[in-house]
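Observations on the model geometry
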Amino acid sequence: MNERLLLGRSIETGSWVHKLDARSKITGMLLYLAIILLSHSWAAMGLLAVFSVAVMLSTRIPLKYFIKSAKPLRFLMLFIFIVQMLSVKEGEAWLTLGSFSLYEGGLRLGAFSVIRMLFLVTFTSLLTFTTTPGKLNQGLEGILSPFKKLGLKPDRLTMMIGLALRFIPTILDESQIILKAQASRGADLKELPLKEKGRMLVSLLVPVITSAFRRAQDLVYSMEARGFRMDAPRTRYHRLRWGTADTLFVVMFIIMGVAVAVL
Amino acid sequence: MKETNIVNETGDAVISLEGVAFGYDPEHPILHNITLSVPRGQWVSIVGPNGCGKSTLVKLLNALLPKSAGEIVVCGQPLEEETIGSIRGSIGMVFQNPDNQFVGATVEEDILFGLEGLCLSYDEMDERLKLYTEKLGISHLLSKHPGELSGGQKQRVAIASILAMKPGIVIFDEASSMLDEGSRNELLVILQGMRDEGYTILMITHDADEILASDRVLALHGGSLAADLTPEELFRDQELLARCHLREPYPWQLARELQRLGIRTDVPASEKELIDTLWPYNYSK
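Not measured: the values here are computed from a predicted model.

**Describing the overall build of chain A**
- Counting secondary structure elements, chain A contains ten helices and two strands.
- For chain A, the sequential pattern of α-helices and β-strands runs α-α-α-α-α-β-β-α-α-α-α-α.
- Seen through its principal axes, chain A has C-alpha atoms that stretch 70 × 60 × 40 Å.
- For chain A, the residues scored as buried account for 37% of the 263 residues in total.
- Counting contacts in chain A only where the partners sit at least 6 residues apart, residues at least 24 apart contribute 73% of the total.
- Approximately 14,800 Å² of chain A is accessible, and the part contributed by carbon and sulfur atoms is 68%.

Next comes the structure, spelled out in structure tokens:
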């Protein structure tokens, strides 16, 4: 499958996680964020790893897709590891070069940060991999519905998220075409020095943004021509149904959170 | 200006325009004094050079753009703020770039987008979803992302999402211009099927085969209606063809060349008719 298409894409396998209500999956992911922050020991990290891999495998989606989702962040993870390693001066000094030392605490915290980030990105991909964008929006709308009393309009928010996810691959495709068009006229971004690359990015951004506005205008025409009006009532083809499996799914994360906090 | 009005009586007109004008700047109107009517079930081609106001004209019909002057009546309702919703329910629009009209992240979501807005029940939506995806041969693509579809498939999805809303009138705004030859032919077959089912079709096009398949042609030039005629009349009018930047259909071009070479051939309605005319020459040699 095309990597660009993985952005916000669901991969249908018909597993038990796919069948869950989107609201329970969103709740589970929020709890997972809390669990990650509560993990401070190698034992907790180990337990979290076993739990995460087990849940990911149970979706019947190949693990390589989850790993791929973390690939774009590899340099950020490396950066975080180096910063933590160099800035934390706790525990035993493992390596000393003159006045500079690497401490056990720094290495441990650096490793923890990277593992946390890796878990966070790979596991939360489970939400988008097992839920279609429409159902995800509906779930988000359901979770945010109590905030309607505070003046928030969840339907507008989810519409924006849905359209953004829908158009990311299209706009990425278009930027590739513009890059190739510029390369064909002798301005190959890959072969330019860093300073020139910066200048070239401007000449890439201008057509991409102009085209995004044009697409937005066309999309508005298409939506309005199909009778769309903001805040007008709509019915739903897919209805949210919270079942026992959803409750058990959320409880599973709560138990995991308690276990990790104890360890 | 040529006026060969085929249909100007508004007996069973589903669309009628009277003195319609539009312009962002009143000094430089894009469209001026457009008066026409379209009867139910007619397939109308709208032709003209780029920038003559074809797309603007069709966008006025369902208030995607607001008219500056004149009166528009669709299905008996004058186009006003209060009737926009109802008129948009009776006019469907298929645009040029199938990518930009895809609202949903999957084929299913895109077709349901319009149906959910109509506040239909689950059963009604389910029935229409199945019916129109099967009709357009896209029922196997329901879970597909637009990036996984060909241009022709995307345009089929766009048509299915419009037809599922059951509009009586469907407007195609250069819907075939980004399609390959095969997909164009598929679209032509779909259009012919729609005409048989009684849809009123307005089609902006530069394609000679599509024009020839339609019942009537409206030619726009410089923001006004330059001619209202049949496809055959259009293709016989070399001056108008040149002004609209159009070419004759291939059988017509071939017949004209044969006539030049002294082979007696009437201008055929189709390739088959041309072959039937030429076939006896095989035996006479």
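**Focus: the domain arrangement of chain A**
All names here are of chain A.
- For chain A, the assigned domains read domain 1 (1-152 + 241-263) and domain 2 (154-230).
- Distance between the C-alpha centres of domain 1 and domain 2: 29 Å.
- Tallying the contact residues gives ten residues for domain 1 and eleven residues for domain 2.
- For the domain 1 and domain 2 pair, buried surface summed over both sides reaches about 1,000 Å², with 75% attributable to carbon and sulfur atoms.
- At the boundary of domain 1 with domain 2, the tally comes to two residue pairs in polar contact (both at pLDDT 80 or more).
- By residue class, the composition of the side of domain 1 that touches domain 2 is four nonpolar, three polar and three charged.

**Here we look at the interface of chain B and chain A**
- At the interface, 41 residues of chain B touch 30 residues of chain A.
- Of the roughly 3,100 Å² buried at the junction of chain B and chain A (both faces included), carbon and sulfur atoms supply 55%.
- There are five salt bridges connecting chain B and chain A.
- Of the charged contacts, one joins Arg234 of chain A and Glu116 of chain B as a salt bridge, the two residues approaching to 3.8 Å between their closest N and O atoms.
- The interface formed by chain B and chain A contains twelve residue pairs in polar contact (both at pLDDT 80 or more).
- Of all elements in the fold, only helix 2 (84-90), strand 6 (91-94), helix 3 (107-117), helix 4 (122-135) and helix 5 (151-163) of chain B reach the threshold of two or more residues within the side of chain B that touches chain A.

**Quick notes on the confidence of the model for chain A**
- The share of residues in chain A with pLDDT of 70 or more is 97%, and the mean pLDDT across the chain is 86.
- Per-element mean pLDDT across chain A ranges from 77 in strand 1 (residues 93-97) of chain A up to 94 in helix 10 (residues 244-262) of chain A.

**Describing the domain arrangement of chain B**
All names here are of chain B.
- Each assigned domain of chain B is listed here: domain 1 (13-248) and domain 2 (249-285).
- A C-alpha centroid distance of 34 Å is found between domain 1 and domain 2.
- Taken together, the contacts link nine residues of domain 1 with six residues of domain 2.
- Regarding the contact of domain 1 and domain 2, the summed buried area is about 690 Å², with carbon and sulfur atoms giving 57% of it.
- Connecting domain 1 to domain 2 are one salt bridge.
- As a salt-bridge pair, Glu248 and Arg256 come within 2.4 Å of each other at their nearest N and O atoms.
- Along the contact surface separating domain 1 from domain 2 lie two residue pairs in polar contact (both at pLDDT 80 or more).
- Taken together, the elements giving at least two residues each to the side of domain 1 that touches domain 2 come down to helix 7 (208-213) and helix 8 (231-236).
- Each residue belonging to the side of domain 1 that touches domain 2 can be placed in one class, and the counts come to three nonpolar, one polar and five charged.

**Digging into the packing of aromatic side chains**
- One pass over the structure, following the stated rule, counts 14 aromatic pairs over all chains.
- Between the aromatic rings of Trp16 of chain A and Phe249 of chain A, the centroid separation amounts to 5.8 Å while the plane-to-plane angle is 70°, which identifies the pairing as edge-to-face. With Trp16 of chain A in helix 1 (residues 16-19) and Phe249 of chain A in helix 10, the pair connects residues that are 233 residues apart, well separated along the chain.
- Look at Phe51 of chain A and Phe253 of chain A: their rings are 5.4 Å apart centre to centre, the planes differ by 90°, and that puts the pair in the edge-to-face class. Placement of the pair is Phe51 of chain A in helix 3 (residues 42-58) and Phe253 of chain A in helix 10, with a sequence separation of 202 residues.
- Since its relative accessible area comes to 1%, Phe253 of chain A is described here as buried.
- A network of ring pairs unites the aromatic residues Trp16, Tyr32, Phe51, Phe123, Phe249 and Phe253 of chain A as a single cluster.
- Over the aromatic face of Tyr65 of chain A sits the side chain of Lys64 of chain A, whose NZ or CZ is 5.7 Å from the ring centroid.
- We note Arg234 of chain A situated over the ring of Phe113 of chain B; from NZ or CZ to the ring centre the distance is 4.7 Å.

**What about a negative patch on the surface?**
- On the surface, a cluster of negative charge is contributed by Glu18, Glu71, Glu80 and Glu82 of chain B.
- With respect to the helices, strands and loops of the structure, Glu18 of chain B is situated in strand 1 (residues 13-22).

**A few points about unusual backbone geometry**
Residues and elements named next belong to chain B.
- Even without being glycine, Cys119 reaches a positive phi, approximately 60°.
- Structurally, the position occupied by Cys119 is in the loop between helix 3 and helix 4.
- The phi dihedral of Glu174 falls on the positive side, at around 50°, and the residue is not glycine.

**Details of the pairing of strand 3 (residues 43-47) of chain B**
All names here are of chain B.
- Among the five residues in strand 3, five count as buried, and that is most of the element.
- Taking every second residue as pointing to the same face, both faces of strand 3 are buried, with Trp43, Ser45 and Val47 on one and Val44 and Ile46 on the other.
- Bridge analysis of strand 3 against strand 8 (residues 200-204) gives four bridges, and the strand direction is parallel. Residue pairing for strand 8: Val44 is matched across the bridge by Leu202.
- Strand direction decides the pairing type here: strand 3 and strand 9 (residues 216-221), joined by four bridges, are parallel. Residue pairing for strand 9: Ile46 is matched across the bridge by Leu218.

**Remarks on helix 3 of chain A**
Residues and elements named next belong to chain A.
- Over its 17 residues, helix 3 extends 24 Å from the first C-alpha to the last, a length consistent with the 24 Å expected when each residue adds 1.5 Å.
- Check the buried side of helix 3 and you find it contacts helix 2 (22-38), helix 4 (63-70), helix 6 (104-130) and helix 10.
- Just downstream of helix 3 lies Arg60, where phi reads positive at about 65°.

**Considerations on the pattern of salt bridges**
- Enumeration according to the criterion identifies 21 salt bridges over all chains in this entry.
- As a salt-bridge pair, Asp231 of chain A and Lys153 of chain A come within 3.7 Å of each other at their nearest N and O atoms. Of this pair, Asp231 of chain A sits in the loop between helix 9 (194-225) and helix 10 while Lys153 of chain A sits in the loop between helix 7 (133-144) and helix 8 (154-184); the two residues are 78 residues apart in sequence, bridging distant segments of the chain.
- Residue Lys153 of chain A is classed as partly exposed on the basis of its relative accessible area of 40%.
- Salt bridges sharing partners connect three or more residues here, namely Glu141, Arg234 and Arg236 of chain A together with Glu116 of chain B.

Parameters at a glance
- Residues numbered from 1 in each chain as written.
- Chains lettered and ligands numbered in written order.
- Predicted model: local features only at pLDDT ≥ 70, side-chain atom pairs only at ≥ 80, totals over all residues.
- Heavy atoms only, no water.
- Helix = DSSP H or I, 4+ residues; strand = E, 2+ residues; numbered from the N terminus.
- Buried < 20%, exposed > 50% of the residue type's maximum accessible area, 1.4 Å probe, protein only.
- Contact = heavy atoms within 4.5 Å.
- Areas by Shrake-Rupley, 256 points an atom, 1.4 Å probe, with all protein chains shown as cover.
- Domains from an automatic or database assignment.
- Buried area = accessible area lost by both parts, 1.4 Å probe.
- Polar contact = N/O pair within 3.5 Å; in protein donor to acceptor, adjacent residues only side chain to side chain.
- Nonpolar A, V, L, I, M, F, W, Y, C, P; charged D, E, K, R; others polar.
- Salt bridge = Lys/Arg side-chain N within 4 Å of Asp/Glu carboxyl O.
- pLDDT = per-residue confidence, 0-100.
- Phe/Tyr/Trp six-rings, centres within 6.5 Å; stacked < 30°, edge-to-face > 60°.
- Lys NZ or Arg CZ within 6 Å of the ring centre and 35° of its normal.
- Patch = residues over 30% accessible without salt bridge, like charges linked within 9 Å, V, L, I, M, F, W, Y side chains within 5 Å.
- Lys, Arg positive; Asp, Glu negative; His and termini not counted.
- Charge placed at Lys NZ, Arg CZ, Asp CG, Glu CD.
- Pairing = 2+ DSSP bridges.
- Expected span 1.5 Å × (residues − 1).

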